[in-house]
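Letter by letter, the chains look like this.
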Amino acid sequence: MNAHRHVHRVAIVGTGTIGASWATHYLVRGFDVTATDPAPTAETALRAYVEAAWAAAASIGLAPGASPDRLSFTADLRQAVADADFVQENAPERPELKVKLFADIDDASPPDAILASSSSGITMSVIQAECRRPERTVIGHPFNPPHIVPLVEVVGGTRTDPETIRDVMAFYAAIGKKPVHLKKELPGHVANRIQAALYREVVYLVQEGVLDVADSDDAVSWGPGLRWGVMGPHLLWHLGGGEGGIQHFMETLMPRMVASWQDLGTPEFTPELQQTIVAGVLDEANGHSVDELADRRDAMLSALLTVRARHDSPGRTADPVTQEGT
């Protein structure tokens, strides 16, 4: 897909939680969306998801002409991607399935369409192995839920064309996402690895009896988590360095932090620890259902994004939504 070519039609392959959320985002941003999934109840579940998520997604950015009526569904994969300008794949995380699926999508879609995978752990070099046109394939891994959280990790495979990376980065930014380009492939990409590293220490602290589950959640969400919702760790350490900024931080405070890395723990994830976490989470949820908690999460995330849009500097915000989908 050339940079100047507009995207009008998006195909969603796989309509589970991630696929349905992606479909909602593309619809809210004004695209025609064709979705496909082999599950017998997929269409009903997808339309119910879009209806439930529409208000939250629209509050972040609603394009002119956007409508859930621009969603169509077919169980036929080839029909779904036949006229797509951009394909967002969201199938289960099984390498053999992804390889065959991408080969089929590559064969059935227009030659200049871009094929993006939401895969959270499988590299594009693996997924594109049997594609005839691997140069147009790329990872576009979102953070859940994609219709709310802007982050998308973009990384190509060994046979992905650099122009594809450039086009995908521009496209995602233009539809309100915050794409980051991974210069190297690695399992789990980046954001999942970062949160896994944090959670390992949280679980260790629970196992050691330092904190219970609820307090460990509060320690993250009411402390560093609040700051991370505004700035990343490097920029925050720049502030932590005072007038000397990051240079002062690296010279005076970083050595102590490096020394503290030796004290970080690796928990032994026993059945007892698992049950401790389960019981703690259910107690913290206090009878609220998963859907109720998700609604509360999404409402707060939407409010945070509204605040960020007012305060972020122009150089760090995504481009405004384009009219490409209308």
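Residues numbered from 1 in each chain as written. Predicted model: local features only at pLDDT ≥ 70, side-chain atom pairs only at ≥ 80, totals over all residues. Heavy atoms only, no water.

Notes on the overall build of the chain
Then, in step 1: Helix and strand counts for the chain come out as 13 helices and 8 strands.
Then, in step 2: Here the C-alpha radius of gyration of the chain, 21 Å, is about what a compact globule of 326 residues would show, namely 20 Å.
Then, in step 3: In terms of principal-axis extent, the alpha carbons of the chain reach across some 55 × 45 × 40 Å.
Then, in step 4: As presented, the chain carries roughly 17300 Å² of accessible surface, and 59% of it is formed by carbon and sulfur atoms. (Helix = DSSP H or I, 4+ residues; strand = E, 2+ residues; numbered from the N terminus. Rg over C-alpha atoms; globule rule 2.2 N^0.38 Å. Areas by Shrake-Rupley, 256 points an atom, 1.4 Å probe, with all protein chains shown as cover.)

Side note on a negative patch on the surface
Then, in step 1: Taken together, the side chains of Asp-212, Asp-215, Asp-217, Asp-218, Asp-283 and Glu-284 define an acidic patch exposed on the protein surface.
Then, in step 2: When contributions to the negative patch are tallied by element, the ones reaching two or more residues are α8 (213-221) and α12 (271-285).
Then, in step 3: At 3 residues, the largest contribution of residues to the negative patch is made by α8.
Then, in step 4: As for its placement among the helices and strands, Asp-215 is situated in helix α8.
Then, in step 5: Given a relative accessible area of 40%, Asp-215 falls into the partly exposed group. (Patch = residues over 30% accessible without salt bridge, like charges linked within 9 Å, V, L, I, M, F, W, Y side chains within 5 Å. Salt bridge = Lys/Arg side-chain N within 4 Å of Asp/Glu carboxyl O. Lys, Arg positive; Asp, Glu negative; His and termini not counted. Charge placed at Lys NZ, Arg CZ, Asp CG, Glu CD. Buried < 20%, exposed > 50% of the residue type's maximum accessible area, 1.4 Å probe, protein only.)

Remarks on the environment of Ala-214
Then, in step 1: You can see Ala-214 is positioned in helix α8.
Then, in step 2: Considered as a pair, Ala-214 and Ala-285 are 71 residues apart in the sequence and their alpha carbons are 9.3 Å apart.

Some points on the packing of aromatic side chains
Then, in step 1: The final tally for this structure, using the stated rule, is 10 aromatic pairs.
Then, in step 2: Between Tyr-26 and Phe-171, the ring centres sit 6.3 Å apart and the planes meet at 15 degrees, which makes this aromatic pair stacked. Taken as a pair, Tyr-26 in helix α1 (residues 17-28) and Phe-171 in helix α6 (residues 162-174) lie far apart in primary sequence, 145 residues in all. Phe-171 shares its class with Tyr-26; the two are buried.
Then, in step 3: The interplanar angle of 40 degrees and the centroid separation of 5.9 Å between the aromatic rings of Phe-171 and Tyr-172 together place this pair among those described as tilted. Judged on exposure class, the residue Phe-171 and its partner Tyr-172 are both buried. (Phe/Tyr/Trp six-rings, centres within 6.5 Å; stacked < 30°, edge-to-face > 60°.)

Details of the sheet that holds strand β1 (residues 9-13)
Then, in step 1: Taking strand neighbours across the sheet as the criterion, the 8 strands line up as β3-β2-β1-β4-β5-β6-β7-β8 in an open arrangement whose pairing is mixed. Of all strands in the sheet, those with a lone pairing partner are β3 (71-73) and β8 (178-181), marking the two edges. Here the strands of the sheet are splayed against their neighbours by 25 degrees on average, with no regard to which way each runs.
Then, in step 2: Alignment of β1 against strand β2 (residues 32-36), held across 5 bridges, turns out to be parallel. Note on β2: the bridge partner recorded for Arg-9 is Asp-32.
Then, in step 3: Contacts between α1 and the sheet are confined to β1, β2, β3, β4 (86-89), β6 (137-142) and β7 (151-156), with β1 contributing the most and set at about 170 degrees to the helix. (Pairing = 2+ DSSP bridges. Axes fitted to C-alpha atoms, helices over the stretch in contact; angles between N-to-C directions. Contact = heavy atoms within 4.5 Å.)

Focus on the pattern of salt bridges
Then, in step 1: Inspection of the entire model under this criterion finds 14 salt bridges.
Then, in step 2: A salt bridge links Lys-98 to Glu-89; the shortest N-O distance between them is 2.5 Å.
Then, in step 3: Take Glu-89: its relative accessible area is 0%, and that puts it in the buried class.
Then, in step 4: Residue Asp-104 is joined to Lys-100 by a salt bridge in which the shortest nitrogen-to-oxygen separation is 2.9 Å.

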